[in-house]
Structure formats: C-alpha cells, structure tokens
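Take a look at the letters that make up each chain.
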Amino acid sequence: MTTRRIALGISALAIIVAFGVVVFAAPTQASAENDYDSQHCFAADLNGDGVIDVVDMQRIASYFSVSIGNPRYDVRLDFRPWLAPDGEIDIDEVQFVFGRFGLRCSTYTPAKEYWMWLGGLYSYGAGCANGDEIDPVTTVFRYASNAAQIHNVLSDIGLLVDVGSEQNFRDNGGCATGEISVADDDGWTPCFPQVVCASSRWHVRANVVSTADPAGGFWAAATPHRDTGDGSPADGCTHVVLPYQQIDGFSGSGFDVAKDWVWWQMVHERGFFFEGAQWWDNRLPMLQCNDTLSASNGWVNVIWINRPF
C-alpha cells in the first residue's frame, strides 16, 4: 500500500512539474508564435471569458485522457491536431492551453451579457415571456450579412428542408418570430398502420438580431436540436428532444448533440472561425410532448459566418 502511494505521489509530482514547465514557458511560446493568433487564442479560452487563466487550465486538465466513446468526451476540447480531432484529449491539448496562459482574447469578444440581453437565452412562445421558454440558444452566429446568408450556410451543411413550427426570439428587448427553420429531413416517413409517422432529423431555428454586431455585420441566436420521431400526427406527440443519446460520435441531450454536430460541420469540415464556447448557464429543463424533460449543458458555441481579421 505504501509503495503504491509513493508511486502515485511521484506520478502526480511529475505531471505538476511538467505542467509548470509549460506554464513558465508560456510567454516564450506565445512570443515565438506571435500568439495573439486569435483563432488559437479563442480555442484555448475554454470558458469564453476573454482570458486564458487557471480556470481554463483546470478544465482541460480535468478532461485529460478522455477519449471518444466516453460520455465525458467533448469534441470541442479535442483540437490537436489543429481542426483534425484524433479522438482523445491528451497531452497535446493540455500543452496547447497551458502554453497560452495569460493571453487575452477579448478584442473581438463583447461581454456575454451583451448577447444574452439582445438575443435571449431561449426561444419562446408568443410574447417571449419568462416561463414560456421552448428551446435553449446553444449557438451564436457572428458577423452575418442577413438571414439569407445564415440560411445558405445551414443549407450547405445539409439542412436543405425549410420546415414550419416557427418559434419566437428576443430581439433587442422586443420579441420577433424566428426567420430561419431548417432541417435535413421534413420529419415524416410512411409507416403502418398510422400511414405517416415522425422521423428523426437535425433541426435548427435561428433569428438575426436587429442590432449590429460591434465587430461588423449582425449576429443570430440559434437553437440546434436533434428531433427524434415519437409517433404519428394523430398521437398529438410527434418529435421529442431526448435527454440523452449517442449519435454520429456525439453524446448528450438532443440539444447538445445538435450543437456539436453543427460545430463539427461548420468548423471542422468547412473551416468557419470558432471563437469559443461561452458559459450562459441556460440549463432549464424543457418539457417534451411525451412528458419527458431535456436540457442543454449551458455552453454556447460562437461561430463566425464572416470575420474581419
């Protein structure tokens, strides 16, 4: 028992020393890479507060050795090799974050309260009143020209079908009907004996906020989710967002797997700029038509449609 404790202590000390070396080397590495490299800086800012600090270091360290297949695996933290995740959050990711300790990435990042106030934390029913929340906002698109541009981008990642069931979004203190509702499937499939049944699909609703983005263009609040078929129209309950599922390498609630799927399609596959994930804490459980509850994990991805740098 004593030998095992000594071995564990030596291992822990080695890791701490290794991490410490990386931290103290940070200014040299940052200077060598001329890093304010905004894209790398935002990737290492894991809580989206504009500075790479001990909170980011602790978070990446807590995910060390987590690999795909583990429910804790988060593809957004698997950024080495760059934009080509290898399925494991390992020492490369730890060094990436620790090596940028102290850098500030706030040049293009207004306070998250700005986004929350202008676009709300959720989509809503009529009037956008508290207590009438429907889906959590889990993605912000920045620097968009207009709703048509966002529609075209979402079509390009495979969301080619315009679908109904629009919801409302807060817009600069007011309430507006969402301009975009697209999916990769119309949500219906022939079946027996009901004739038509609900089918599963990726679905994104979004609304462009009327106040301009301080960096240029406009931004949009979006509520990606995975609709899972649950019956026929006659049942009165057709699509639900599951509280947990695993699909296409993503795991979590139907809100979170869709958020990660959109991130993968846009950032990993098509090279859109990923500013980082902001902590909005919008984790209200959403009641589904089959009387189950589903919630997001409270993190919001910020993806640039265009960028001025």
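Because the structure is a prediction, the values reported are computed rather than measured.

Visitor: When you look at helix α7 (residues 147-156) in this model, what are you seeing that I'm missing?
Guide: In an α-helix, one full turn covers 3.6 residues, which means residues spaced three or four apart are oriented alike. Taken residue by residue, α7 has A147, Q149, I150, V153, L154 and S155 as its buried positions. The inward-facing, buried residues of α7 contact β3 (139-144), β7 (180-183), β10 (201-208), β11 (218-222) and α8 (254-268). Following α7 by one or two positions, G158 has its phi on the positive side, about 110 degrees.

Visitor: Teacher, can you tell me more about the side chain of E275 here?
Guide: Its place among the elements puts E275 in strand β16 (residues 273-279). Taking the relative accessible area as the measure of exposure, E275 reaches 3% and is therefore buried. Of note is the side chain of E275, whose polar atom sits 2.8 Å from the side chain of W304.

Visitor: Just checking my understanding: could you explain the sheet that holds strand β2 (residues 133-136) for this structure?
Guide: Pairing between the strands of a sheet comes from backbone hydrogen bonds, and it takes one of two forms, parallel or antiparallel. If you walk across this open sheet you meet the four strands as β2-β1-β5-β6, and the pairing is antiparallel. Here the strands that pair on one side only, and so sit at the sheet edges, are β2 and β6 (174-177). Strand-to-strand twist of the sheet, defined as the mean angle between neighbouring strand axes without regard to direction, takes the value 45 degrees. Looking at chain direction, strand β1 (residues 122-124) and strand β5 (residues 168-171) are connected through two bridges and run antiparallel. The partner of Y124 across the bridge, within β5, is N168.

Visitor: Sorry if this is basic, but what is going on with unusual backbone geometry here?
Guide: For residues other than glycine, phi is negative in most cases, and the peptide bonds are mostly trans. Phi is positive for S65, which is not a glycine, with a value near 80 degrees. Positionally, S65 belongs in the loop between α4 (54-62) and α5 (91-98). For D281, which is not glycine, the phi dihedral falls at a positive 60 degrees. Note that D281 resides in the loop between β16 and β17 (286-287).

Visitor: Explain the pattern of salt bridges to me, please; I cannot follow it from the model alone.
Guide: For the structure on display, the rule yields eight salt bridges. Here R205 makes a salt bridge to D135, at a shortest N to O gap of 3.3 Å. Note that R205 is positioned in strand β10 and D135 in strand β2, a separation of 70 residues in sequence. The residues R205 and D135 share a single accessibility class, namely buried. With a shortest N-O distance of 2.9 Å, D227 and R201 are connected by a salt bridge. Here R201 lies in strand β10 and D227 lies in strand β12 (residues 225-229), a separation of 26 residues in the sequence.

Visitor: Quick question: what am I supposed to make of the state of the cysteines here?
Guide: Within this structure, the stated rule accounts for three disulfides. Put simply, C128 and C175 are joined by a disulfide, and their sulfur atoms are 2.1 Å apart. Here the disulfide of C128 and C175 is right-handed, its torsion about the S-S bond being about 70 degrees. Taken together, the residues span a long stretch of sequence, with C128 in the loop between β1 and β2 and C175 in strand β6 at a distance of 47 residues.

Visitor: I would appreciate a short explanation of the environment of A258 in the present structure.
Guide: Considering the arrangement of structural elements, one finds A258 in helix α8. For A258, a relative accessible area of 1% corresponds to the buried category. Distance from A258 to T223, taken between C-alpha atoms, is 8.8 Å for residues 35 residues apart in sequence. The residues contacting A258, other than those within four sequence positions of it, are W202, P224, H225 and R226.

Visitor: I'm lost on the packing of aromatic side chains in this one. Help?
Guide: Aromatic ring pairs are reported here in terms of the distance separating the ring centres and the angle at which the planes meet. Tallying each qualifying case throughout the model produces nine aromatic pairs. Consider the rings of Y143 and W304, whose centres lie 6.1 Å apart with planes at 25 degrees: the pair is stacked. A residue pair is termed long-range when its members are at least 10 positions apart, and Y143 in strand β3 and W304 in strand β19 (residues 299-304) qualify at 161 residues. Residue class for W304 comes out buried when judged on its relative accessible area of 1%.

Visitor: Sorry, what's going on with the packing of α4 against α5 here?
Guide: Each pair of packed helices can be summarised by the angle the axes make with each other and by the distance between the axes. α5 packs onto α4 with a crossing angle of 180 degrees between their chain directions and a minimal axis gap of 9 Å. Accordingly, the angle class assigned to the pair α4 and α5 is roughly antiparallel. Residue-level inspection shows D56, M57 and I60 of α4 in contact with α5, the latter providing E93, V94, V97 and F98.

Visitor: Looking at this structure, I do not really get the environment of V240. What am I missing?
Guide: Take V240: it is sitting in strand β13 (residues 239-240). Using a relative accessible area of 1% as the deciding quantity, one classes V240 as buried. It is 9.1 Å that separates the C-alpha atoms of V240 and S200, two residues lying 40 residues apart in sequence. Excluding residues that lie within four positions of it along the chain, V240 makes contacts with R226, D227, T228, D230, Q288, C289 and N290.

Rules and cut-offs
- Residues numbered from 1 in each chain as written.
- Predicted model: local features only at pLDDT ≥ 70, side-chain atom pairs only at ≥ 80, totals over all residues.
- Heavy atoms only, no water.
- Buried < 20%, exposed > 50% of the residue type's maximum accessible area, 1.4 Å probe, protein only.
- Helix = DSSP H or I, 4+ residues; strand = E, 2+ residues; numbered from the N terminus.
- Contact = heavy atoms within 4.5 Å.
- Polar contact = N/O pair within 3.5 Å; in protein donor to acceptor, adjacent residues only side chain to side chain.
- Pairing = 2+ DSSP bridges.
- Axes fitted to C-alpha atoms, helices over the stretch in contact; angles between N-to-C directions.
- Salt bridge = Lys/Arg side-chain N within 4 Å of Asp/Glu carboxyl O.
- Disulfide = S-S within 2.5 Å.
- Phe/Tyr/Trp six-rings, centres within 6.5 Å; stacked < 30°, edge-to-face > 60°.
- Parallel < 35°, antiparallel > 145°, perpendicular 65-115°, else oblique.

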